Each structure stands twice: as C-alpha cells, then as structure tokens.
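Reading the structure
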Amino acid sequence: MGTRGGGLYVGRRAAAVGAALLLALLVALLALAALYGRCRQKAATQPLSPRAPGPAAPPPPAPAASSVRRLPRHLLPLHYDLELWPRVRPGQAGPFAFTGQVNITVRCLQDTDAAVLHSAGLRSRGAAAVRGPLSEPGAAVEVAGLRQEEAGEVAVLELRGRLRAGRRYVLQLGFQGRLEEDLDGLFLTRYTDRGQSSMLIASQMEPTYARRVYPCFDEPAMKATFNIRIIHDPSYVALSNMPAIDVCEVKDENGSLWTVTTFNTSLKMSTYLNAFVICDFDYITRTERGNEIRIWARKEAIKNGYVDYALNITGPIFSFLEDILNVSYPLPKTDLVALPDFGAGGMENWGLMIFQEASLMNLPSDEFTSRKAMIALIVSHELGHQWFGNLVTMNWWNDLWLNEGLASYFEYLGATFVEPKLSLDKIFYAHVLQPVLREDSEIARSLSESEDKIKGSFSLMSLFDNITYSKGASITWMLSGFLTEKLFIRALTVVDAQDEVQLPAPVKQIMDSWTCQNGFPVLTLNLTSGTIRQEQFFNKNNRKSTDSYNNTWIIPISWMRNGSSQPLTWLDKSSKMFPEMRVSESDYDWILLNVNLSGYYRVNYDQLNLKRLARLLENDPKAIPAVSRFQLIDDVFALTDFGYVPIETALELTKYLAREDELFIWNVVLLNLIPENLESTLKNHEVYPLLKKYLLKRMLPIYHYYAGFIRQNADALEDDYFAQVYLEKLLATACWLGLQDCLDLSSELYAKWRDNPEYKIPFLIRRTVCCYGVAVGSDKEWNFAWEMYNHTDSVEEDEDILLYAMSCAKESWLLYRYLQYGLSDTLFSSNCTSVIISHVMTKDIGHHIAWEFVTENWPLLSQGYGHELLHDVLKAMGRFVKTDVQIQELQVFYNATLEEDEREAITMLLESAKLENIERRKLLIKIANWLEKNIDD
C-alpha cells in the first residue's frame, strides 16, 4: 500500500537476513499471547506451537453473564462432514437458495443435555439427530427439539438424554438458506466476461459468517478437520480449501443432472477459514516446491495476462516465507481467485485465497508501477496469514492484532523481497507507521481488547481497522528491534527469559504496556539536564484519560549523538535522567532519538536541540538518515497540531528543503503545509503569496529534477516507487503555487494528447496535467476532456481523472454548465452527480457556484441523494464559515430542508466549523508573520 538520498535501504538479501532474525519473535509473540493470557488477567494457558497447530485447549466454561456470542465449553468439534448444494443454474433468475447437510463429530468435555452451536439465518431441513457415544456401535441420543435463537445466532439441540464427558458423538443437521448478493457468508455475484453476463458463487466467512452457511462451532480456537462435498451445475467448477479428489454426477428429484465435487480431508482449521468458489473461470498455474499454485479469474482477464504478475510473485513469496520461518507450507495446493466483486481486498482462506480482482490484476505492459507494488503487498499479506492466522491462530477475536499485525508486518518483507526496488524502511514508515500514529492519537481503544468489550457483530467488525493492522505491525517492528533471537526461542517455553538479554522488565510487562492501553507516548527531551519525560500523546486542548496504566510505557530508545549510533537505552518510568544525553555548548553537539523510527512514539525536543538540528539540516541534511528526517518533520507538525509546540518551531525545520531530494519527505511537508481540503481556503488568504515565494524557492531543485524526466523519458521513473506515489502531489503543488514551468508542462502534455488521442499522459501525473491543462485553457480544452470522458474505450481510472479535471476550469460558466450536465441521467450515471458537485465545491472559485446550484436544484437533487449529499455539502462549505452571518445564511437553507431535530445538530456543526476556521485563521496569521521574516533566508 525512490531510493535516492540517505536512509537505510534493505535489499533482497538483507531483508531475508532481517526476517530470519525475527522468526523467533513472531513465534514468540503468538506463544506469549497464549502463555501470558489476556491483558489484566492472571490465568495462563499453554503456548501454541507453530509446528503442531492442533486446536487450542478450550478455555473454562464461560460464566452465565458472558456475551451470548460465545458458546458454552461443553463440546469440542473434531471433524465436519459438510455437503453444500447451491440451487443455481446459469442464466436462471432469482431468488436463489442453497441446501446442505453437516455431520459434526464432537468430543464432550462436560456432561450436558443440550448441544449449542452457531447458526444464523438458516432453517432446519429434516430431523436433527445425535449419534453416539461412538464407542458404542448403533448408539444414539434422542433429540427432543431444535431451537433457533436468532438474537444470539445459536441453534440449541435439546436432548432427552445426556452427552457424557470424554465420549465422542456426531451431531447431524440438515439446513437451508437464502443465497444473497451481499458478499457475506455464501453469496452470489454477477459479472460480465467477454461481453456475456455471468454469475458465480463464493464465500466470505470472517469473522462470524460461517454460521450463516452451515451450523457450526464458529469460534477461531474451535478448530477441526473438514470433508467437503459441493453439488453444483455441470458448467461450473467448484473449489475449496483442499484439492478435489472425485468428480461425479447426481440427479435431483426432478431428474436434472448436477455435478458432485468431493475434496480431500483438510487440516485442522477454524471455521472462518472455510472457503468455497463455484464459477466458470479460467486459471493459470505454476508449481513451487511441490505446491501447485493456480490463479483463477475471468476468462478475458486470463487471456489478456492481467494476473500473470500475481502468479509470478506468489511462488517466490511462498518460498521466502518458508525459508525464513523454517516451517513448510502444509497444503498440496494454493488457489487464488480474483472476484469481480468482493467485500475485502483479500481473504486468507487456507488453500483458497479470495481477492477483489483489482487487488491481483495489472496490465502486462506495465514494467513497474504503484499498482504492482499494491499487488505484491496484498498477496504477501494473505500469504503471511497461511502461517500467522491459519497455522497458528488466536484464541479469540480480541487478539485479532496477532493475526493481522503480523501479516501486515510480513506483507512488507515479502513485497520488498520480490520487488527489491522498494525500500523497506521508507515504504513501511510512509504507509504504515506515520498514518497510524496520526490515527491512534484520536482513537480511544487499545490494541488488545478484553473479551467482555466485544459484544455482537458490530463491535467485532470494528476491530478490523488500522489500529489492528498498522499499529500491530508497528509494535511488531519495534519489538524486533530490541528482542534477541535467543530470547525469542526461550520465550516459547520460559516465562521469565529476560535474563538472557538486558531488558528492564519481563517481556509480558513490556508488551502489555503497548498492547493493553490506549494510544502511545510522546517523549520530551531536555538536553541541559539530560532528562526524558514521557506522557500520553493527547490533544492539549481536549486532554482526558481514564487509562489505568497512568500513561506509562516501557520504551526502547534508539539514539544517536553527532551522527554516531549509541547503545539502546530504556525509559521505564514517567521521567528519567540520562547523563550521557547532556550536550555541551557547541552548536555541533546534537541528539537524535528514535533513530529510523524504530519505536512507536513521538519525540518533543527542547528548543536548544531543535535549533541545532535545524542548522544541521541546512548545512548537511544527509547527516540525519532519510527516515529520521521524515520522522523529525512529521513529529514536529503533529506536536504543533496538538498544542505542544508553536507553528514557528515546525517552520524552522523547513528552511533546509532546497537540499531535500526525497519525495516521501517532501510529501509529508506538503501534506502538513497545504492539505488538499484547504487548498481553496489558502488560495484566498494573504498567506498564499508568501507561501508561494517561500516554497517555490525550495521546491525548484527537486521539481526540475523530475520535470526533466517527464519531458525527456518518463519511463525512467518506473523503478522509482515514491515517484509513482508522491510525484503527483509535488507537481500539483508547484502548479497550484503558480510555477509557470509547471503550468507550461501541463499545457504541453495536455495539448499533445489533444493532438493525438492515442498518446498517453504519464499516469503518475495524469490527474494534475489534465486539471491544469483544463485550468489554463479555454472551453476547447474543457470540451476535449468531456469528449474523452464519453469515449467508449475510456477506463474507470481515466474517467475519475477527467471527472476531477473538468472541475478545474477557471471560467464560471463552464463550471455551471458542468453542474447542469451532472443533473442529466443521459449524460452521467446517478452516482456521478454528487462527485461532480463535491469536486466543484472544493475549488477556489467553485464553492459559491456549487452552493448556489445545490440550493436552486435541491428539490431534484434531494430525490436522488437526500441527506448524504447535504452532509458532503456541509463538510465542504464549513471550511468557509467564519462569521455568524455566514452561519445564518447556511442555516436558512438547512431550516427549509431538514426536520426540526436535525437542525440543532447542523447548527452545532456549523458553529464548530466557525470556531475551527477562526483558529485556523489565527494559525495562518502566525505562518504569514513567520514567512515575512524568513522568506529571503
């Protein structure tokens, strides 16, 4: 999700070595989670072994007051015999249904007169039965009744006898359900292939949708083996987790012929990893170390080679993971299926991974693009799950971060292995660590939640967020920096293994300080005294905490002094003095903490050190590693946003930028100084001409470097990942600041396209070129964009770019005409109208035009969009509210369109927007004053 300049680059070999050193950590993390139990709990369970992935020992019976979503611990599933029969024929009209039969072999752990298992939205089919004890041939337990509890998503088999502890039984249940197009459970989806309409059936079981497909013990720790049989139309192929071992035919009650595909017995696995696909796809294949890898997709996509790249990298990533983990992939085959419509980017089902097709496809003509990087990351993530999640599984969803955090960490190791041109540290920090630090400061939840907080599907689904994925990966990255391989191995069997290395506390205590409390720390450094103080990073204007950890973390501190790396040290209390960090009076004596962003925290330096770092950047920026320059700037702007330091402090660190040649660093600067949602606000403020002069003076070197490539050989940038991702922002900013060469470049490339529609503007700057090609042109340029938008061969990405570009016009009448076009059902699909309004509204001359258009046409617009469009309009217009008069003008419209109970909420939102804009104006005045004093430095 460029390698020029300083910073640590991790290539193919180094990535393998580094990952190998992390083997024990990754194993230890999973083991420690089981070994030490939950946050704030004292009970312990046995560690899981990655080489023996049997079912986790069942926890003790849940108390009566626990969530209804947890099953009682009376029965443990051992094996499922499952038959599924989707009653679907090609070309058939709905509604659709499926039927099935499941026989579940269970071991009774505690005497019971009822069998409780998960079931949601299913109806029973035939009489349920219980066979056993299996040690007594022909024995059975009579079923008194089957009760469905929809609220708890369980089915209760009420028995006339009792199941006895230590005995095995078979629960036999027939079922039927509706086959919906909702992308959950077992679902149907429609698509077009080679001009023909088609249907397919697929599954998505995570987190708790298996119970919508068949009655089961739908909890991750309740692993079992599976024998699966799928009955389907003969024109389809059926896929599941294991290879097919038999294909035969059967006739239904009407004499119609169906195909029966039987699959081999699975390994023990969780129900959420069950997977089924029934489709009319083609596939390509290769074998890697005996593992048959197939990628299935629409026949047109296979023929055109759209999934060739995904196939070419899947085998090498598999081998890479096997080698560094020293654990072989245990299945004989792997299928990756690219669905035209899927609710996630990818799903890690063991042996049958399912992807949204955009996550696997690229044009064969692409040498290296950001799309290839995205494919490598997504494939690597799901392959990482084959070990972390599938082979070794969390006990319950509150430890989802162990699954997703580790897989998110591995996706970057795997991707940079198959694409060495990616810089591991830079891409990890820019895509994972920096964004989640921004988000984590606003979210009040810990990485590992206690079980009693997770109640119902909604809160369960809310765990699938950036905290789980990116913070989990970041904590893993940090831990890998201070744990040794010997400790990793020892941690599998010994609780208190810290004697092997110099650690300030047991590993569990260190881990808990990061996983069991909200947020993260900021370290404040005083170089005069050598004191470091920690506190939770909060918005100073809204500070509150109910955390029982008293905002204290056990923090590993990597640091350097005057360019030399120093031994790792620890902060394990709220404040601590480090005599070795006191500096002399020399301006060349400086300290840098959290080198290469190895820790999950921010750093707040005192003014003395910041001045020395600012001077160092101006004289010799490469003395600070690229990632640390990135961190230094991102930290100081975040500290400004949250009231720790004044904006002038952050601006001092931008003076050196004329010597900065890293795009990912420029990107973080521009995102902080010129956020996209504030461009029109800044353009109409007195700060704009000052920003223009200050920034352009510093941007010219890096701008001309890349503009030269664009004019002479844009293909040469295909190996520069950060150019693929961030050059657009740099070019757009240069044009927004009025750099004539940027405007001329956009006009030249746009004119070249106008003269020859077969010419392709380089994709990495196409959005900006089209926008400013229209902006500096006349109605001829706008009309050409309109013509190309309506071109039958235009792809969706180009359509989105052109929708945006047409809103860049500087003539008011063109914008008004564009908005009028948006009302026409014959010119646009209905979902484009709100997009057009939003695009126009964010432009410096467009927001008043768009507002007038919305108010004049509201009766028509409200029929299609209603309050959703109103919310988007309010969000955009709120940026321009500065006075009570402006609020009243907006309020008049909302009073006429909203119900009374909604008006009060809108008034509060507008008032909040006004206060925010007033504060922003104060900030912009400070920035303008600083720029006036420093513009010529």
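Structure: above.
Given the structure is predicted, the values throughout are model-derived calculations rather than measurements.

**Structural notes on the environment of Glu382**
- Within the element layout of this structure, Glu382 appears in helix H5 (residues 370–385).
- With relative accessibility at 5%, the residue Glu382 sits in the buried group.
- For the pair Glu382 and Asn349, spaced 33 residues apart in sequence, the C-alpha separation works out to 8.5 Å.
- In contact with Glu382, not counting residues within four places along its chain, are Gly346, Met347, Glu348, Met353 and Phe355.

**Points about the sheet that holds strand E27 (residues 591–593)**
- If you walk across this open sheet you meet the three strands as E25-E24-E27, and the pairing is antiparallel. In this open sheet, the two edge strands, each paired with only one partner strand, are strand E25 (564–571) and E27. Between one strand axis and the next, the sheet turns by 25 degrees as a mean value, whatever way the strands run.
- Here six bridges tie strand E24 (residues 555–561) to E25, and the two strands are oriented antiparallel to one another. When the bridges of E25 are listed, Arg561 appears paired with Ser564.

**Some remarks on the packing of helix H25 (residues 846–856) against helix H28 (residues 884–897)**
- Two numbers describe how H25 lies on H28: the axes approach to 11 Å, and their chain directions differ by 25 degrees. Classified by the angle between their axes, H25 and H28 sit roughly parallel to one another. Of the two elements, H25 crosses H28, and the hand of that crossing is left-handed. Between H25 and H28, the residues in contact are Trp851, Val854 and Thr855 and Leu890, Phe893 and Tyr894, respectively.
- Looking at the contact of H25 with H28, its residues break down into five nonpolar, one polar and no charged.

**Points about the pattern of salt bridges**
- Scanning the entire structure with this criterion turns up 46 salt bridges.
- Between Lys299 and Asp280 there is a salt bridge whose closest N-O contact spans 3.1 Å. With Lys299 in helix H3 (residues 299–303) and Asp280 in the loop between strand E16 (276–279) and strand E17 (282–288), the pair connects residues that are 19 residues apart, well separated along the chain.
- The shortest N-O distance in the salt bridge between Arg754 and Glu781 comes to 3.0 Å.

Rules used throughout
- As a convention, each chain's residues are numbered from 1 in the sequence order in which they are written.
- Totals for whole chains, interfaces and linings use every residue, but because this is a predicted model, local features are given only for residues with pLDDT of at least 70 and side-chain atom pairs only at 80 or more, for both listing and counting.
- Here the side-chain values reflect all heavy atoms present in the structure, with hydrogen atoms and water set aside.
- Under the scheme used here, helices are H or I runs from DSSP no shorter than 4 residues and strands are E runs no shorter than 2 residues, and both carry numbers assigned from the N terminus.
- Burial classes follow relative accessibility: with a 1.4 Å probe on protein chains only, a residue under 20% of its type's maximum area counts as buried, one over 50% as exposed, and anything between as partly exposed.
- Here a residue-residue contact requires only that any non-hydrogen atoms of the pair lie within 4.5 Å.
- Note on pairing: two strands pair once DSSP finds at least 2 bridges between them.
- Orientation is described by axes fitted as lines to C-alpha atoms, over the contacting stretch for helices, and by angles from 0 to 180 degrees between their N-to-C directions.
- Oblique is the label for any angle not under 35 degrees, not over 145, and not in the 65 to 115 range, which are roughly parallel, roughly antiparallel and roughly perpendicular in turn.
- Two helices cross in a left-handed way if the nearer one is turned anticlockwise from the farther one by less than a right angle. They cross in a right-handed way if the turn is clockwise.
- Residues are grouped as follows: Ala, Val, Leu, Ile, Met, Phe, Trp, Tyr, Cys and Pro are nonpolar; Asp, Glu, Lys and Arg are charged; all remaining types, including Gly, are polar.
- Here a salt bridge means any side-chain nitrogen of Lys or Arg lying within 4 Å of a carboxyl oxygen belonging to Asp or Glu.

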